[in-house]
Protein chains: 2
Amino acid sequence: MHTVLIADDHMLIRDSLRQLIESLEGFTVVDDVDNGFDALVAIKKLQPSLILLDVAMPDASGIEVVIDTQRWSPDTKIIIYTGVTSGTRLKQLLDCGVDGLFFKHSDTRYLRDGINAVAEGRTAFDDKLADIIAGLEAADNLTAREKQVLSQILSGHSTRDIASYLNISVKTVDNHRTHIMRKLGTHSVSDLMRLAINTGLIDLDAP
Amino acid sequence: MHTVLIADDHMLIRDSLRQLIESLEGFTVVDDVDNGFDALVAIKKLQPSLILLDVAMPDASGIEVVIDTQRWSPDTKIIIYTGVTSGTRLKQLLDCGVDGLFFKHSDTRYLRDGINAVAEGRTAFDDKLADIIAGLEAADNLTAREKQVLSQILSGHSTRDIASYLNISVKTVDNHRTHIMRKLGTHSVSDLMRLAINTGLIDLDAP
DNA sequence: CAAAAAATAGGGTAAATACCCTATTTCGCG
DNA sequence: CGCGAAATAGGGTATTTACCCTATTTTTTG
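Reading the values: the criteria
- In this convention, every chain numbers its residues from 1, walking through the sequence in written order.
- Labels follow written order: the first chain is A, the first ligand is 1, and so on.
- In keeping with the model being predicted, local features are shown solely for residues with a pLDDT of at least 70 and side-chain atom pairs are shown and tallied solely at 80 or more, while totals for entire chains, interfaces and linings include all residues.
- Only heavy atoms go into the side-chain values, all of them from the structure, while hydrogens and water stay out.
- Here, strands pair whenever DSSP counts at least two bridges between them.
- Secondary structure elements follow DSSP: runs of H or I no shorter than four residues count as helices, runs of E no shorter than two count as strands, and numbering proceeds from the N terminus.
- Residue proximity to a molecule or strand is established when one non-hydrogen atom of the residue lies within 4 Å of it.
- N or O atoms closer than or at 3.5 Å make up a polar contact, with two conditions inside protein: a donor-capable atom paired with an acceptor-capable one, and, for residues adjacent in sequence, both atoms drawn from side chains.
- Contacts are assigned to residue pairs that have any heavy atoms within 4.5 Å of one another.
- We define buried area as the total accessible area lost by two parts upon association, computed with a 1.4 Å probe and summed across both.
- Salt bridges are counted wherever a side-chain nitrogen of Lys or Arg sits within 4 Å of a carboxyl oxygen of Asp or Glu.
- Any helix carries an expected span of 1.5 Å times its number of residues minus one.
- Only protein chains enter the accessibility calculation, which uses a 1.4 Å probe; a residue whose area is less than 20% of its type maximum is buried, one above 50% is exposed, and one in between is partly exposed.
- Fitted lines through C-alpha atoms give the axes, limited to the stretch in contact for helices. The angle between two N-to-C directions lies from 0 to 180 degrees.
- Roughly parallel covers angles under 35 degrees, roughly antiparallel covers those over 145, roughly perpendicular covers 65 to 115, and oblique covers all other angles.
- Amino acids outside the nonpolar list (Ala, Val, Leu, Ile, Met, Phe, Trp, Tyr, Cys, Pro) and the charged list (Asp, Glu, Lys, Arg) are all regarded as polar, and Gly is one of them.
- Side-chain atoms within 4.5 Å are what join buried Ala, Val, Leu, Ile, Met, Phe, Trp, Tyr and Cys residues into a set we call a nonpolar core.
- Each pair of aromatic rings taken from Phe, Tyr and Trp, with Trp reduced to its six-membered ring, is defined by centres within 6.5 Å and is described as stacked if the planes are under 30 degrees apart, edge-to-face if over 60, and tilted in the remaining cases.
- Lysine NZ or arginine CZ positioned within 6 Å of the ring centre and within 35 degrees of the ring normal marks a charge as sitting over the ring.
- Rotating anticlockwise by less than a right angle from the far helix to the near helix defines a left-handed crossing, while the corresponding clockwise rotation defines a right-handed one.

Novice: Any chance you could explain the pairing of strand β1 (residues 2-7) of chain A here in plain terms?
Specialist: In summary, the side chains of a regular strand alternate between the two faces of the sheet. Residues and elements named next belong to chain A. Of the strand pairs in this sheet, β1 and strand β2 (residues 27-33) are connected by six bridges, and their pairing is parallel. The residue bridging Thr 3 from the neighbouring strand is Thr 28, located in β2. Here β1 pairs with strand β3 (residues 50-53) via four bridges, running parallel. Across the sheet, the residue bridging to Leu 5 is Ile 51, located in β3.

Novice: Can you walk me through the protein's contact with DNA strand C in this structure?
Specialist: Lining the immediate environment of DNA strand C, one finds 23 residues, of which Thr143(A), Ser169(A), Lys171(A), Asp174(B) and Arg182(B) sit closest. Taken together, the sugar and phosphate atoms account for 61% of what DNA strand C places within 4 Å of the protein. Separating a phosphate oxygen of DNA strand C from a side-chain N or O atom of His176(A) is a distance of 3.0 Å. The contact in question runs from a phosphate oxygen of DNA strand C to an N or O atom on the side chain of Thr159(B), over 2.9 Å. Of all the elements in the fold, those that place two or more residues in the surface near DNA strand C are α7 (144-154) and α9 (170-184) of chain A together with α8 (159-166) and α9 (170-184) of chain B. For the surface near DNA strand C, the element with the highest residue contribution is α9(B), accounting for seven residues.

Novice: Sorry if this is basic, but what is going on with the interface of chain B and chain A here?
Specialist: In many reports, interface size means the accessible area that the parts give up when they come together. The interface is formed by 31 residues belonging to chain B together with 30 residues belonging to chain A. Interface area lost by chain B to chain A is led by Met11(B), Leu12(B) and His105(B), which between them contribute 24%. Inspection of the chain B/chain A interface yields zero salt bridges. Taken together, chain B and chain A are joined by three residue pairs in polar contact (both at pLDDT 80 or more). Listing elements by their share of the side of chain B that touches chain A, those giving two or more residues are α1 (11-22), α7 (144-154) and α10 (189-199) of chain B. Here the element with the most residues in the side of chain B that touches chain A is α1(B); it accounts for seven residues.

Novice: Help me understand α1(B) in this model?
Specialist: Note: α-helices contain 3.6 residues per turn, so residues at a spacing of three or four share the same orientation. With twelve residues, α1(B) extends 17 Å from end C-alpha to end C-alpha; this agrees with the ideal 16 Å at 1.5 Å per step. Inspection of α1(B) places Met11(B), Leu12(B), Ile13(B), Arg14(B), Ser16(B), Leu17(B), Leu20(B) and Ile21(B) among the buried residues, and these make up the whole buried set.

Novice: Sorry if this is basic, but what is going on with the packing of helix α1 (residues 11-22) of chain A against α1(B) here?
Specialist: If you want to describe how two helices pack, look at the angle between their axes and the distance between the axes. Between α1(A) and α1(B), the shortest axis-to-axis distance is 10 Å and the interhelical angle comes to 90°. In terms of their interaxial angle, α1(A) and α1(B) are classed as roughly perpendicular. Side by side, α1(A) and α1(B) meet where Leu12(A), Ile13(A), Ser16(A), Leu17(A) and Gln19(A) of the first sit next to Leu12(B), Ile13(B), Ser16(B), Leu17(B), Gln19(B) and Leu20(B) of the second. Of the residues that constitute the contact of α1(A) with α1(B), the class distribution is seven nonpolar, four polar and no charged.

Novice: Whenever I open this one, the protein's contact with DNA strand D confuses me. Can you help?
Specialist: In the region of DNA strand D, 23 residues are neighbours, and Asp174(A), His187(A), Thr143(B), Ser169(B) and Lys171(B) sit closest. Val189(A) is positioned such that a nitrogen or oxygen atom in its backbone is 3.0 Å from a phosphate oxygen of DNA strand D. Side-chain polar atom of Asn175(B) to a base nitrogen of DNA strand D: 2.9 Å apart, as the coordinates give it. Among the elements of the structure, α8 (159-166) and α9 of chain A together with α7 and α9 of chain B are those that each provide at least two residues to the surface near DNA strand D. Residue contributions to the surface near DNA strand D peak at seven residues, all from α9(A). Of the residues assigned to the surface near DNA strand D, the class counts are four nonpolar, twelve polar and seven charged.

Novice: How should α7(B) be read in this particular structure?
Specialist: All of the buried residues in α7(B) are Glu146(B), Val149(B), Leu150(B), Gln152(B), Ile153(B) and Leu154(B). Residue Gly156(B) follows α7(B) closely and has a positive phi angle near 95°.

Novice: Sorry if this is basic, but what is going on with the sheet that holds strand β5 (residues 100-103) of chain B here?
Specialist: Hydrogen bonds along the backbone pair up the strands of a sheet, which may run parallel or antiparallel. Residue and element names in this part refer to chain B. Across the sheet, six strands lie side by side as β2-β1-β3-β4-β5-β6; this open sheet has parallel pairing. Both edges of this open sheet fall to β2 (27-33) and β6 (124-125), since each of them pairs with a single strand only. Contacting β1 (2-7), β2 and β3 (50-53), helix α2 (residues 36-46) crosses the sheet at an angle of about 140° to β2.

Novice: Would you take a moment to explain the nonpolar core for this structure?
Specialist: Nonpolar side chains tend to gather and get buried jointly when the protein is soluble and globular. Ile21(A), Leu111(A), Ile115(A), Ile21(B) and Ile115(B) are the most contacted members of the largest nonpolar core, which has 40 residues in total. For Ile115(B), the contacting residues outside a window of four places in its chain are Leu20(B), Ile21(B), Leu24(B), Phe27(B), Leu50(B), Leu52(B) and Ile79(B). Of all hydrophobic cores here, the second largest spans 32 residues; its members include Met181(A), Ala139(B), Leu142(B) and Leu195(B).

Novice: Any chance you could explain the packing of aromatic side chains here in plain terms?
Specialist: How two aromatic rings sit relative to each other is given by the distance of their centres and the angle of their planes. Counting across every chain of the model gives zero aromatic pairs over all chains. For Arg109(A), the ring lying beneath its charged end belongs to Tyr110(A), and the centroid distance is 5.0 Å.

Novice: Before we go on, may I ask you to explain the sheet that holds β1(A) in this structure?
Specialist: Residues and elements named next belong to chain A. With parallel pairing, six strands are arranged side by side in an open sheet as β2-β1-β3-β4-β5-β6. If you trace the sheet from one side to the other, it starts and ends with β2 and β6 (124-125), each paired once. Sheet analysis places β3 next to strand β4 (residues 77-82), joined by four bridges and oriented parallel. Across the sheet, residue Leu 53 finds its bridge partner in β4, namely Ile 80. Most of the contacts of helix α5 (residues 108-119) go to β4, to which it runs at about 170°, and overall it touches β1, β2, β3, β4, β5 (100-103) and β6.

Novice: What is the right way to look at the packing of α7(A) against α8(A) in this model?
Specialist: All names here are of chain A. Following both chains from N to C, one finds α7 and α8 inclined at 130°, their axes separated by 10 Å at the closest point. Considering their axes alone, α7 and α8 lie oblique with respect to each other. α7 and α8 meet at a crossing whose hand is right-handed. In this structure, α7 uses Arg 145, Gln 148, Val 149, Gln 152 and Ile 153 to contact α8, whose residues at the interface are Ile 162, Tyr 165 and Leu 166. The residue inventory of the contact of α7 with α8, partitioned by class, reads five nonpolar, two polar and one charged.

Structural data, given as structure tokens:
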């Protein structure tokens, strides 16, 4: 039996995904959550065989959840299910090595097939993804940790808050900040914000 | 019997809304569409008693659909169901006189109640809407100069740059910053940025 | 395994920020 | 006219950033 965790901030979607998954042979939904933080807690505790993850969620973005999942529950397969089609953001997820990615726009049949494929150890990606990635210039030399810190900065957290959240020293976060700024050619938080908005790194519809 | 048309570009949402509505007493879904153009065609032809409308759709935006609906099918009640929380857009919709507005983040129970309310001729709005509108109005309380300074801050300029640009003292700009922060209830540039994004003070569609 | 890269953490410093306060001038409006 | 709001400007301070540096421990990788 494959155990599945659903993470999406829209209740309607969570309920629908639950129905969809439990209609499949050999799958059971063990939990569903509406934010990134709860997702991480649930993943560490339940170690599900598969998570269905929205990119745009409060508290911890999809990418943070992916990275932490790979760290704390390395056998868990990850499928992204998203309405976002911003290339940069999606490419980051691919670079992190997610096992599947589907768009909410697409027919749910593709998602259904994808869930089965990923559960069997294969990868499965929406057909539209190739086109999106093809039109992208990969200006993404940030390390995973740096991306995580950047995401926190963009969420409005101070260096101290981030250090506390990640359980590392303020000085370490400060170093990450410096490296991020250098790599992205920015010199202030507002520079970072604008770059993030323009490249779609930031989720504009986050509540 | 209330006839309902569903317009949303996500198939999963369309299906879920259809289920939700048909579980209600006295409602039937007459059609569902995934873009604004098809929505208008269907509305003119079917003259449904109620439409459930996403703001962000291909071909014709939510606001266009609302205006044309009121013109060609004036008895049709309109409920917006959206993931977008950008203030200015939402305010436009309110100003157009939609009958209800709910967020995809919220519990579906509110939507269910809202559909019943609107079908009975009342209006129904998500509780969170009040906060967003409040943010907009708070921004409206800024003086002309403060708005000008805010705009510069959001464009990524430092206090010194702004002072130089406006030919005033750094200290004056600093005072304006303090007043802006106080009026908007924010405490950092990133707070300001996020508020600006959420209320639509920043044009998110700028390429 | 050895080299390279990343993550960790600390010592510094100059600048910028987020507030507190008072005080002057300017200008529209009842 | 005069009141009050707005804009101007400065004093002061605690905190935060941005960035320089070295250095150790992991992790990754050839």
